[in-house]
Amino acid sequence: MPDTTTLAPVSPLSHRLLAMNESATIAMAKKARELMATGIDVINLSFGEPDFQTPQYIKDAAKQALDDGYTFYTPVPGIPELRQAICDKFKRDNQLDFQPNQIVVSTGAKQALANAVLSLVNPGEEVIVFAPYWVSYEEMVKLAEGVPVTLVGTLENEYKVTAAQLEAAITPRTKLIMYSSPCNPTGAVFSREELGEIAEVLARHPQVYALADEIYEYINFVGEHASLAHFDEIKDRVITVNGFSKGYAMTGWRLGYLAARADIASACEKMQSQITSGTCSITQRAGLAALRGGRASADEMVAAYRRRRDLVLDIVKDIPGFNTPTPSGAFYIFPEVSAYFNRLAPDGSTIRDSSDLALYLLHDAHVSAVSGDAFGAPECMRFSTAAADDKLVEAFRRIKASLAKL
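About the cut-offs
Residues numbered from 1 in each chain as written. Predicted model: local features only at pLDDT ≥ 70, side-chain atom pairs only at ≥ 80, totals over all residues. Heavy atoms only, no water. UniProt positions renumbered as here; feature names shortened; annotations may be inferred. Helix = DSSP H or I, 4+ residues; strand = E, 2+ residues; numbered from the N terminus. Buried < 20%, exposed > 50% of the residue type's maximum accessible area, 1.4 Å probe, protein only. Pairing = 2+ DSSP bridges. Axes fitted to C-alpha atoms, helices over the stretch in contact; angles between N-to-C directions.

- As annotated in an unreviewed UniProt entry, the protein carries the name Aminotransferase and is attributed to Hymenobacter artigasi.
- UniProt, in the comment section headed Sequence similarities (unreviewed entry), describes the protein in these words: "Belongs to the class-I pyridoxal-phosphate-dependent aminotransferase family."
- On record in UniProt, under Cofactor (unreviewed entry), the comment for the protein is "pyridoxal 5'-phosphate".

## Topic: unusual backbone geometry
And then number 1: Following Ala 131, the chain continues to Pro 132 via a peptide bond in cis, the omega torsion being 0 degrees.
And then number 2: Across the junction of Ser 181 and Pro 182, the peptide omega takes the value -10 degrees, indicating a cis bond.
And then number 3: Take Pro 182: it is sitting in the loop between strand S5 (174-180) and helix H8 (192-203).
And then number 4: We note that Ser 277 has phi near 60 degrees; this positive angle belongs to a residue other than glycine.
And then number 5: With respect to the helices and strands, Ser 277 occurs in the loop between helix H9 (262-273) and helix H10 (281-292).
And then number 6: The backbone of Ala 330 sits at a positive phi, close to 60 degrees, despite the residue not being glycine.
And then number 7: Note on placement: Ala 330 falls in the loop between helix H11 (296-316) and strand S9 (332-333).
And then number 8: Given a relative accessible area of 2%, Ala 330 falls into the buried group.

## Overview of the sheet that holds strand S4 (residues 147-152)
And then number 1: Strand order in this open sheet of 7 strands is S2-S8-S7-S6-S5-S3-S4, and the pairing throughout is mixed. Single-partner strands in this sheet number two, and they are strand S2 (103-106) and S4. Neighbouring strand axes in the sheet, compared pairwise and without regard to direction, differ in orientation by 20 degrees on average.

What follows is the structure, encoded as structure tokens:
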């Protein structure tokens, strides 16, 4: 008999799981928490989470829902009142007309994105992902056994992909494009004119759909928020995703939604029905109160985010080797940091890339950030500005001191 004692065990895990990467933002936040557990004062700038409390009127609605016994299963695509309120929101804020049967409420915008990708993409079909991109986009495409095609915007254009780039990247195998605006991680915001040019390209390629992630819609420093679904010639091929975590500081509530053509929405509902069914009943009542309450609380938070952005930009302009475009939205800065690559750290190790630099800053400056390779931009790093002013000042003081050692 052959000697099998030295053979490596075969993993029982699926190929699709082994092909996926762990979320880099969650992984870095975990490392930061582990250091903090040892008593080290770590300033966490790795997570995309508002530091504000959920507005009180939203909390009160959740408490009332509990008192009213609103604790049973809900329809898979969401309670009727919330789906109608989302339609009303699209009309009020975006001048878009949807009916409740075009809305699917999910357990976070992340699930809405995954529902859409899994419902649309067949094995081997290409998905053009505008880069820099949110870390989960590529992994969702891999899960659907699609082929992610990264399309990288230039620093000179605030990292925004152009219509000409998109036209050149589309092939007969292209099924979908994915992007966010305002963008995580860059904070770039597509204008109506830029989206109009992208719509013209998509109009020439009727097999291509678009997945527009608008979760940072309210955190916009340049005025009008433009949606790709505005353009009549392609609106039936646009799936718009949004949610409550950023604009209403409801990250832990896990509530998002998508709006799409009725048959696509129905497909996403079918997908969700076999994975989670309807999202939390209490959370949905809280979301309903959020939408009915308007956006005054969001506007107050945006004013703070704008102040923090300006505070951080004023500090980092004096950090050599930080090439930082001005974000037009969201709550991040995304500097190009390759000037620090191939330098020696104080312990004699070499900073080869942004992953090494992120780990160096975590252990030397005790500030956590996320390397750019996770976002399709390996020469960059992402720092969240969703922290108190004094924390931001101290974080970048530490960063500047640590970088000076390289």
